[in-house]
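Residue-level structure breakdown
The residues making up each chain are set out below.
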Amino acid sequence: MTLEFTLATARDALRARRISARELTEAHLAAIDALEPELHAFITVTPEQALAQADAADAALGRGEGGPLTGLPVAIKDLFCTKGVRTTAASRILEPFVPPYESTVTANMLRDGAVFLGKTNLDEFAMGSSTTTSAFGATINPWQRRGANTQLVPGGSSGGSAAAVAAGMALASTGTDTGGSIRQPASFCGIVGMKPTYGRCSRFGVVAFASSLDQPGPFARTVEDTAILLGSMAGHDPKDSTSVNRPVPDYAAACRRGVRGLRIGIPREYHSDGMPAEIEALWTQGIAWLREAGAEIVDVSLPHTKYGLATYYIVAPAEASSNLARYDGVRFGLRVPANDLTDLYEETRAAGFGAEVRRRILIGTYVLSAGYYDAYYLKAQKVRALILRDFTDAFERVDALLTPTAPSAAFALGEKNDDPVQMYLNDVFTVPASIAGVPGISVPAGVDGDGLPLGLQVIGRHFDEETVFAVGSVLEQAAEFSAKPAIRMEAGR
Ligand code: GLN
C-alpha cells in the first residue's frame, strides 16, 4: 500500500475517509520495521508519537477539519530540531541532544497536521555526498544494479530522507541542501528533491553547517508532492533574519502551468569531461521533451562554473568551522570530563567529531586564518559574486536552466571514501545554484545501463520556484519514470 499512495492521493483518500491516518501510519511503520535492517534510513523512529499524531489527525478529519498535511506520514532529516525528540546531526557530539524547541520548518508542518515517523540519517553535520559519514552507520540505497546486489550509497547528505521515500517508508520527507544534499540524493534514489531559493524556508532550528548556503526543502515521489510539502515548509520567520517576507504561492497549481512560451537555457559549461554518455544522452532527451512541450531552447554560458567547486569548498568549510565552534562540551551534547577547560574542549571535540567534519574544520580554520584570509576566503567571496552574476545574466535571457543533477548514478558503498576530492566532484552540477542561492529541482528522468535512476535538474530565478515546478512537472510527464528500487515495501514483503 505504501508505495501506491502519493502525498496528494493519500491526502484525498484521508479527506474522503477511504483510509484513516492510523492505517496509513501503521502501514508506514510496518514498512520501516521490515526495511530498516537492510537500509538504515533512520537514526530515530518515533512510533508512539506518530500514532498519537495520526489519531489526532483522524479526530480532526472526523470533525471536517484539517490542514494541507493532516494525517500524512513523513520523515524528518535528523538535522531539524524536534522538541523532545533526539536530534543528532548524525554526530557523536550531539548524540545525547534533545532539543527543547521545534525548528520553524517542522513546526509549520505540524501546524498543517503532518505525522512524523522519525528522524532520518545523513552525513555527519550534512557534510558529504553519500550518507556514509554518519556516526550511526551508513544508509543503503534501495536501488541495486541489475543482476547485482552490491550495496550502493543513496547520495547525501540527506540520504536517509531520500532512501526512506524511495523505499516506501515515508510518503515524503524533509532535507537540507547546502551544495546539493537534496538534489543529488534525489537523483541517486529515483525520487524528486527540491532546493528552494535561499531565504524561502526558515533555517531556525536547523543545525547549522554553512549558514549562507543552507536551505531546507522537500523530497517526494512526484513533483506535485514536493510542491505540496514546500507550501507547508516555506514562509517568513522573524526568528531567521535571512528568511524572506514574501507570500508563499500555490506551488501545486504551478505544477500544471506547462512550459509553452518559456525559454529554457542549456549551460554549455555543464558538458563536463568524462561525463558518462548515458547522462549526456538523457540531458539531450530532456531538451527534446521540453521543446516538444512548447519551450524555446537557448544555449547559454555560465562562464565561472569551473570555479564553483573550489569556491564552495572554501566558503562552506569556513562557515562550518565557525558554526561548529559551539560544540565545546559545556552547553549541550557530548562532554568528555577533563582536568581543565582547554582539555575539556579538546577531548570532547576529538571524541565527538568524525574524520570528515574534522577535515572541514581544519580547512575552514585555515582559509580564515590571518595569513590566508585574503588569498582564500576573500577571493572565494569575490568569485562567488561572479558565479551569482553568471546566473543573473543568464536569467535575463531565459526563464529556467536544464542540466543533469549529478555526473554519475549511485556509486558503491566505500567507493569514494579514500579520496575526499573524488567525493567533492559529485557536487559539480549542484553547487553553483547553491552559491547563487537560486532554486533547483531534481526529477527522475531515466535509468542507466545498470538500471539505476538518473535525475535532470531544473534551476530557476530567485523566488521563482513556480517555474521550476512547472518545468519539472513537464519533464516528469514526458519521462514517465516507472522503474522501482530492488528493496521496497512491495517486493514480496
Ligand atoms: N556534498 C556537499 C558537501 O559535502 C553538499 C552537502 C550539503 O548540501 N549539505 O558539502
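Notes on the structure in this doc start here. The structure presented is a predicted model; accordingly, all values stated were derived computationally and were not measured.

**Some words on the packing of aromatic side chains**
Evaluation of the coordinates by the stated rule reveals 17 aromatic pairs. Measuring from ring centre to ring centre gives 5.5 Å for Y101 and F204, while their planes differ by 40 degrees; the resulting arrangement is tilted. Taken together, the residues span a long stretch of sequence, with Y101 in the loop between β2 (73–77) and α4 (104–111) and F204 in the loop between β5 (192–195) and β6 (215–220) at a distance of 103 residues. Between Y313 and Y424, the ring centres sit 3.9 Å apart and the planes meet at 15 degrees, which makes this aromatic pair stacked. Taken together, the residues Y313 in helix α10 (residues 308–323) and Y424 in helix α14 (residues 420–425) connect sequence positions 111 residues apart. Pair check on accessibility: Y313 and Y424 agree, each one buried. Each residue in the set F97, F125, Y327, F332 and F353 is aromatic and connected to the rest through ring pairs, giving one cluster. If you follow K239 out to its NZ or CZ, it ends over the ring of F204, 4.9 Å from the centre. Taking NZ or CZ as reference, K416 lies 4.9 Å from the ring centre of F411, over its face.

**Some details on the site of the ligand**
Surrounding the ligand, one finds 15 residues, the nearest of these being T178, G179, S181, Y312 and R360. T178 has a polar backbone atom sitting 2.7 Å from an oxygen atom of the ligand. Taking Y312, its side chain carries an N or O atom lying 2.7 Å from an oxygen atom of the ligand. Alone, the ligand offers 290 Å² of accessible surface; in the complex the protein occludes 100% of this. Its residues assigned to classes, the shell around the ligand shows five nonpolar, seven polar and three charged.

**Section: the sheet that holds strand β7 (residues 263–267)**
Strand order in this open sheet of eleven strands is β1-β3-β2-β4-β6-β5-β10-β11-β9-β7-β8, and the pairing throughout is mixed. What marks the edges here is a single partner per strand, and that holds for β1 (42–45) and β8 (296–300). Each strand of the sheet is rotated relative to its neighbour by a mean of 30 degrees, with strand direction disregarded. With five bridges connecting them, strand β9 (residues 400–404) and strand β11 (residues 453–460) associate as antiparallel partners. Bridging from a neighbouring strand, L401 pairs with I459 of β11.

**What to know about the pairing of β8**
Pairing geometry for β7 and β8, over five bridges, is parallel. Among the inter-strand pairings, I264 is bridged to a residue of β8, identified as I297. Assessed by its sense of winding, the connection that carries the chain from β7 through helix α9 (residues 277–292) to β8 is right-handed.

**A closer look at a nonpolar patch on the surface**
A cluster of nonpolar residues, V330, L341 and Y345, forms a patch on the protein surface that exposes about 250 Å² of accessible area. Relative to the helices and strands, L341 is located in helix α11 (residues 341–352). Looking at L341, the relative accessible area reads 48%, which means it is partly exposed.

**Regarding the pattern of salt bridges**
Using the criterion set out here, one finds 18 salt bridges in the structure. With its nearest N and O atoms 3.5 Å apart, the salt bridge here joins D399 to R263. With D399 in the loop between α13 (373–397) and β9 and R263 in strand β7, this pair connects stretches of sequence that are 136 residues apart. Using a relative accessible area of 12% as the deciding quantity, one classes D399 as buried. With relative accessibility at 28%, the residue R263 sits in the partly exposed group. D328 is the salt-bridge partner of R331, the closest N and O atoms lying 3.2 Å from each other. Members of the salt-bridge network, linked through shared partners, are R22, E26 and D55.

**Digging into the packing of helix α7 (residues 223–233) against helix α16 (residues 465–479)**
Axis separation between α7 and α16 bottoms out at 9 Å; the angle between their running directions is 155 degrees. Classified by the interaxial angle, the pair formed by α7 and α16 is roughly antiparallel. Of the residues in α16, those touching α7 at V223, T226, A227 and L230 are E465, F469, G472, S473 and E476.

Definitions and cut-offs
Residues numbered from 1 in each chain as written. Predicted model: local features only at pLDDT ≥ 70, side-chain atom pairs only at ≥ 80, totals over all residues. Heavy atoms only, no water. Phe/Tyr/Trp six-rings, centres within 6.5 Å; stacked < 30°, edge-to-face > 60°. Helix = DSSP H or I, 4+ residues; strand = E, 2+ residues; numbered from the N terminus. Buried < 20%, exposed > 50% of the residue type's maximum accessible area, 1.4 Å probe, protein only. Lys NZ or Arg CZ within 6 Å of the ring centre and 35° of its normal. Near = heavy atom within 4 Å. Polar contact = N/O pair within 3.5 Å; in protein donor to acceptor, adjacent residues only side chain to side chain. Areas by Shrake-Rupley, 256 points an atom, 1.4 Å probe, with all protein chains shown as cover. Nonpolar A, V, L, I, M, F, W, Y, C, P; charged D, E, K, R; others polar. Pairing = 2+ DSSP bridges. Axes fitted to C-alpha atoms, helices over the stretch in contact; angles between N-to-C directions. Right-handed = clockwise from strand over helix to strand, strands pointing away. Patch = residues over 30% accessible without salt bridge, like charges linked within 9 Å, V, L, I, M, F, W, Y side chains within 5 Å. Salt bridge = Lys/Arg side-chain N within 4 Å of Asp/Glu carboxyl O. Parallel < 35°, antiparallel > 145°, perpendicular 65-115°, else oblique. Contact = heavy atoms within 4.5 Å.

Purely geometric stuff here, so don't read any function into it on its own.
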